[in-house]
Amino acid sequence: MTDSVVSYRRDGNVGVITTNNPPVNALSHAVRAGILAALDDAEADGAAEAIVIACERRTFHAGADISEFGKPPQHPFLGEVIDRLEKCPKPVVAALHGTALGGGLEIALGCHYRVAVPSAQVGLPEVSLGIIPGAGGTQRLPRLIGVAAALDVIIGGKRLTAAAACDLGVIDAVVDAPLTDAAIAYATDLVAAGKGPRPIGAQTVSGNEADIEEARKRHARRYRGFNAPFRAIDAVEASLRTPLDKGLVLERELFEACNATVEARALQYAFFAQRQAAKIKDLPKETEPRAVDHAGVIGGGTMGRGIAMVFADAGLPVTLLEISTEARDATLDAIAKSYDGMVSRGRLSRDVADERLSRISGATDYADLANADLVVEAVFEEMDIKKDVIAKLDATLGTDTLIATNTSYLDVNALASASTHPERVLGMHFFSPANVMKLLEVVRADTTSHTALATVMPLAKKLGKIPVVSGVCHGFIGNRMLQVYQREANRLLQEGATITQIDKAIYDFGLPMGPFAVRDLAGIDVGWRMRKAFGIGRAQDARYSAVPDLLCERDQFGQKTGIGFYVYEDGRKATGENPLVAELAAAEAKELGIAQRNIDDGEVVERCIYAMINEGANLLDEGIAQRPSDIDIVWLNGYGFPAYRGGPMFYADTIGLDPLVKHLHGLAEAHGSEWTPAPLLARLASDDHPLTSLNR
Ligand code: T1G
């Protein structure tokens, strides 16, 4: 076979089937057909007494080809290929490297033996795509490692290292590179030992219904609103009581039902959207990134510490600058305590924690940042203070060193102007806690160079972050939309809804917390101080609600003061609403001439979510966000928007832009011109094009 992505050769008495389908050897139609053809050759080759299945390049099959999902399935289905492997009369050995995920692991489970290099990982992440393993994973894995362990792999979507997979029995041996040679040697030894095919399908399942019920209970809260994880449990349950062939039929039925859901479309959309967000439309492909081997952070507050840990966790040495030795030492102590906490919670080994801590050095002199390739300032959110820091950096650093500001709201164009080399200044807006939250808004000033962008985007991925480029506006993408979302929550409170009702309606829609609970958690004073700094209030908003400000004037900041919108007994558990909130809201309603009324939960969700969608469309029209899917990636990864809904802009398409725009006109009549449909939404609706049509 010359033009196939799959080739066959023999090495000694072992037939070797090799796939070469960049970038990740996804199991496309060509690969599936190619494996079958190669299997025919291997079975017909009398000198081949055993067979090895392997892949070129960076990974064994990383799963089905997700880009084929929306298209009519083509024979041979993956299940047919795996069935042929399992029924092969010669022993078949899978040679695993890279990430054998989803259909890739299912191919390996169809083989009779599995070997892997130490760096290999295996997993069944299908539920993260709104589907279930659809080519035998829910039927064969329980037969190999038992129901309980199989459910952990399938529902958690977690990847197993080669060593862990070997301990569990998913693979038979961890071998040294070169992998294909080791797999051939393993196959040769099988033949010499007279070992033949060992089909998993012939094995019985260990486990019982109690394992199934335990999994259902354990995942109920975490996967609230999701469909696929619970269908996967149904499929594994079937493995307990049905023979393989019937179990495979049921699994396929459940897979197809899942794949037809909006949840699956949303999650598969988000998979590609996340990767597309890293691509900047007008960045010339040949732009060379700069090496970042040493980072600097200025400011040892909560954000500065978290950001320093982000670099250290990614293996980069980082120098953290504070204004005094006392502040420097206090910061380093706090970071050490953070790592100690992770060790005591079993999240990190002591060695790893010590290794990461060793990468963080403290400083008090700007000269100590001289060898940094990138410095992130995370000082107090005040324009003049930040400009002074940037000017000092300018005087210290080489002209190539990038300067990033972690500001949440301030004008990055103005901050860049504080540098004599504004081309090297951009925003890196981390979300708190910086060493946990995945989202990173990369804020592009008018003067930010292509090199700066080409450097920070791959760096973000190396830091384990999901970068999304934003233009300069108040609040960038996420917080600008958050403001209108909170505006509507405040207005609904004025109009007679309660904070408990509003928070529960939003929680039931799928966000992890409602708008009032979130502000109590983060601190109501954060927004209060920002609004005071920017002079934001009734002058800009006739329906402005001063309730949050009035609470702050009474030092009622939320969880950290034991009272905010809610009252807290131990600083965390809310025991009820702060009665002052409803009083203040009623007084405002009276002052504004608003007759309070009963409001249904549907209106709560529409007002809060549609406001975000409309503002997101304005961000697109203004060129702040590159594409609608970027906005969705911001909200999925920075604010906990329910992944099974795809993000606010994907959700808008599921409503339909025509009915949505009509609804916005209705809201504008009832609540004022702020609800006027964004021009982009109106245009798309009249052209009958969805927002996803802009995702290029
Ligand atoms: N199908 C198609 N394209 C894929 C792909 C896939 N499965 N996985 C990755 N790509 C593309 C990706 O879009 C990007 O393209 C490039 O490869 C590099 O990816 C039957 C039905 C493998 C760990 O869920 O987790 O099997 O942007 O940037 O960070 O039961 O990709 O370069 O044009 O992510 O090194 C199950 C999904 C499918 C694995 C590599 N498999 N992929 O990460 O590179 S469902 C998965 C990943 C299934 C069966 C069911 C990661 C990776 P471009 P990348 P990376």
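Positions within a chain are numbered from 1, following the residues in the order the chain's sequence is written. Residue-level local features of this predicted model are given only where pLDDT is at least 70; pairs of side-chain atoms are given and counted only at 80 or more, and the full residue set underlies all totals for whole chains, interfaces and linings. Here the side-chain values reflect all heavy atoms present in the structure, with hydrogen atoms and water set aside.

**Student:** Sorry if this is basic, but what is going on with the packing of aromatic side chains here?
**Tutor:** Each aromatic ring pair is characterised by the separation of its centres together with the angle its planes make. Ring pairs shown here join Phe, Tyr and Trp side chains whose ring centres sit within 6.5 Å, with only the six-membered ring taken for Trp; geometry is labelled stacked below 30 degrees between planes, edge-to-face above 60, and tilted in between. The final tally for this structure, using the stated rule, is 12 aromatic pairs. Ring plane angle 70° and centroid distance 6.2 Å describe the contact between tyrosine 485 and tryptophan 635, whose orientation is recorded as edge-to-face. Of the two residues, tyrosine 485 is situated in helix α18 (residues 478–494) and tryptophan 635 in helix α25 (residues 628–638); the sequence distance between them amounts to 150 residues. Comparing tyrosine 485 with tryptophan 635, the two get one shared label, buried. A run of H or I in DSSP becomes a helix once it reaches four residues, and a run of E becomes a strand once it reaches two; helices and strands are each numbered from the N terminus. Each residue's exposure class comes from its accessible area (1.4 Å probe, protein chains only) as a fraction of the maximum for that residue type: buried when under 20%, exposed when over 50%, partly exposed otherwise.

**Student:** I would appreciate a short explanation of the packing of α18 against helix α20 (residues 515–522) in the present structure.
**Tutor:** Relative placement of two packed helices is described by the angle separating their axes and the distance separating the axes. Only the contacting stretch of a helix is used when fitting its axis, a line to C-alpha atoms as for every element, and angles between N-to-C directions run 0 to 180 degrees. Remark: α18 packs on α20, axes separated minimally by 10 Å, with the N-to-C direction vectors making an angle of 115°. When the axes of α18 and α20 are compared, the pair comes out roughly perpendicular. Between α18, through Tyr485, Gln486, Ala489, Asn490 and Leu493, and α20, the contact on the second element is made entirely by Pro515, Phe516 and Arg519. By the convention adopted, Pro, Cys, Tyr, Trp, Phe, Met, Ile, Leu, Val and Ala count as nonpolar, Lys, Arg, Asp and Glu as charged, and the other residues, Gly among them, as polar. In terms of residue class, the contact of α18 with α20 is built from five nonpolar, two polar and one charged. Angles are sorted into four bins: roughly parallel if under 35 degrees, roughly antiparallel if over 145, roughly perpendicular if 65 to 115, and oblique for all others. For this analysis, residues touch if any pair of their heavy atoms sits within 4.5 Å.

**Student:** Just checking my understanding: could you explain unusual backbone geometry for this structure?
**Tutor:** Note: most peptide bonds trans; most residues except glycine with negative phi. Cis rather than trans, the peptide bond between proline 22 and proline 23 has omega equal to 5°. Following the sequence through the fold, proline 23 ends up in the loop between β2 (14–19) and α1 (29–44). In this model, arginine 57 sits at a positive phi of 65°, which is unusual for a non-glycine residue.

**Student:** For this particular structure, what's the right way to read the site of the ligand?
**Tutor:** With respect to spatial proximity, 30 residues lie near the ligand, and among them Arg58, Ala64, Glu106, Glu126 and Arg275 are the closest. What qualifies as a polar contact is a pair of N or O atoms within 3.5 Å, subject to a donor-acceptor requirement within protein and to the restriction that residues adjacent in sequence count only when both atoms come from side chains. A distance of 2.9 Å is found between an oxygen atom of the ligand and a side-chain nitrogen or oxygen belonging to lysine 279. The separation between an oxygen atom of the ligand and a polar side-chain atom of lysine 461 is 3.0 Å. Residue burial considers only the protein chains on display, and all accessible areas are found by Shrake-Rupley using a 1.4 Å probe. Within the complex, 78% of the 990 Å² of free accessible area of the ligand lies under protein. We call a residue near a molecule or strand whenever a single non-hydrogen atom of that residue lies within 4 Å of it.

**Student:** Would you explain the packing of helix α13 (residues 325–344) against helix α14 (residues 350–358) in this entry?
**Tutor:** Packing of α13 against α14 leaves a shortest axis separation of 9 Å and a crossing angle of 160°. For the element pair α13 / α14, the angle class is roughly antiparallel. With respect to the hand of their crossing, α13 and α14 are arranged in right-handed fashion. Within the contact between the two elements, α13 uses Ile335, Ala336, Tyr339, Asp340 and Val343 and α14 uses Arg350, Ala353, Arg356 and Leu357. The class makeup of the residues in the contact of α13 with α14 is six nonpolar, no polar and three charged. We call a crossing left-handed when the near helix sits turned anticlockwise from the far one by less than a right angle, and right-handed when that turn is clockwise.

**Student:** Explain the sheet that holds strand β4 (residues 92–96) here, please?
**Tutor:** Whenever strands of a sheet pair, they do so through backbone hydrogen bonds, lying parallel or antiparallel. If you trace the six strands from one edge of the open sheet to the other, you get β1-β2-β3-β4-β6-β9, paired in mixed fashion. The sheet is open, and its two edges are formed by β1 (6–11) and β9 (173–174), each paired on a single side. With three bridges connecting them, strand β3 (residues 50–55) and β4 associate as parallel partners. Across the sheet, residue isoleucine 53 finds its bridge partner in β4, namely alanine 94. DSSP-based pairing: two strands are paired if at least 2 bridges between them are found.

**Student:** Got a minute to help me understand the side chain of glutamate 263 in this structure?
**Tutor:** Structurally, glutamate 263 is set in helix α11 (residues 262–277). Under the convention used here, Asp and Glu are negative, Lys and Arg are positive, and both His and the chain ends fall outside the count. In the sections that follow, a salt bridge refers to a side-chain nitrogen of Lys or Arg positioned within 4 Å of a carboxyl oxygen of Asp or Glu. In this structure glutamate 263 is buried but unpaired, with arginine 231 as the nearest side chain of opposite charge at 7.8 Å. For glutamate 263, the contacting residues outside a window of four places in its chain are Gly130, Gly225, Phe226, Asn227, Ala228 and Tyr644.

**Student:** What's the story with the sheet that holds strand β7 (residues 121–123) in this structure? I'm lost.
**Tutor:** Strand order in the open sheet formed by three strands is β5-β7-β8, with mixed pairing between adjacent strands. Two strands close off the open sheet at either side, each with one partner strand: β5 (99–101) and β8 (160–161). Here β5 runs beside β7; their pairing, made up of three bridges, is parallel. Bridge pairing in β7 links leucine 101 to glycine 123. Against the sheet, helix α3 (residues 103–110) engages β5 and β7, with an angle of about 85° to β5.

**Student:** What should I look at first to understand the nonpolar core in this one?
**Tutor:** Nonpolar side chains in soluble globular proteins tend to end up buried together. We call a set of buried Ala, Val, Leu, Ile, Met, Phe, Trp, Tyr and Cys residues a nonpolar core when their side-chain atoms join them within 4.5 Å. In terms of nonpolar packing, the biggest core is built from 86 residues, with Val52, Phe60, Leu96, Ile107, Leu141 and Val170 touching the most fellow members. Among the elements that make up this core, the one with the highest residue count is helix α5 (residues 147–156) (seven residues). Setting aside residues up to four positions removed in sequence, valine 170 forms contacts with Leu105, Arg114, Val122, Leu141, Leu144, Ile145, Leu160 and Ala165. Of all hydrophobic cores here, the second largest spans 76 residues; its members include Ala611, Trp635, Tyr651 and Leu684.

**Student:** Would you explain the pattern of salt bridges in this entry?
**Tutor:** Two side chains of opposite charge can pair, provided their charged atoms sit close to one another. All chains considered together, the criterion is met by 44 salt bridges. The partner of arginine 543 in a salt bridge is glutamate 495, with the nearest N and O atoms 2.9 Å apart. With arginine 543 in the loop between α21 (524–534) and α22 (547–553) and glutamate 495 in the loop between α18 and α19 (499–509), this pair connects stretches of sequence that are 48 residues apart. Its salt-bridge partner being aspartate 658, residue lysine 662 comes within 2.6 Å of it at the nearest N-O pair. Here lysine 662 pairs with aspartate 658, and both are found in helix α27 (residues 657–671), just four residues apart, close to one helical turn. By relative accessible area, which is 53% here, lysine 662 ends up exposed. Judged by its relative accessible area of 39%, aspartate 658 falls in the partly exposed class. One network of salt bridges, in which partners are shared, links Arg487, Glu488, Arg491, Glu495, Asp541, Arg543, Arg597, Glu603, Arg607 and Glu674.

**Student:** Can you help me understand α19 in this one?
**Tutor:** Each α-helix winds once per 3.6 residues, and so residues spaced three or four apart point in a common direction. Among all positions in α19, only Ile499, Gln501, Ile502, Asp503, Ala505, Ile506 and Phe509 are buried. Note on α19: the residue one or two positions beyond its end, glycine 510, has a positive phi of about 135°.

**Student:** Could you clarify how one ought to interpret a positive patch on the surface in this entry?
**Tutor:** Positive charge collects at one region of the surface, where Arg58, Arg159, Arg275 and Lys461 lie side by side. Counting through the fold element by element, lysine 461 comes out in helix α17 (residues 450–462). For lysine 461, a relative accessible area of 68% corresponds to the exposed category. Note that patches include only residues with greater than 30% relative accessible area and no salt bridge, and the join distances are 9 Å for like charges and 5 Å for nonpolar side chains (Val, Leu, Ile, Met, Phe, Trp, Tyr). By convention, the charge on Lys lies at NZ, on Arg at CZ, on Asp at CG and on Glu at CD.

**Student:** Mind showing me how you'd approach the state of the cysteines here?
**Tutor:** Covalent bonding between the sulfur atoms of two cysteines defines a disulfide. Two cysteine sulfurs form what is called a disulfide whenever their separation falls within 2.5 Å. In the structure shown here, the tally under the stated rule is zero disulfides. This cysteine, cysteine 88, is not joined by any disulfide, and cysteine 111 carries the nearest cysteine sulfur, 9.2 Å off.

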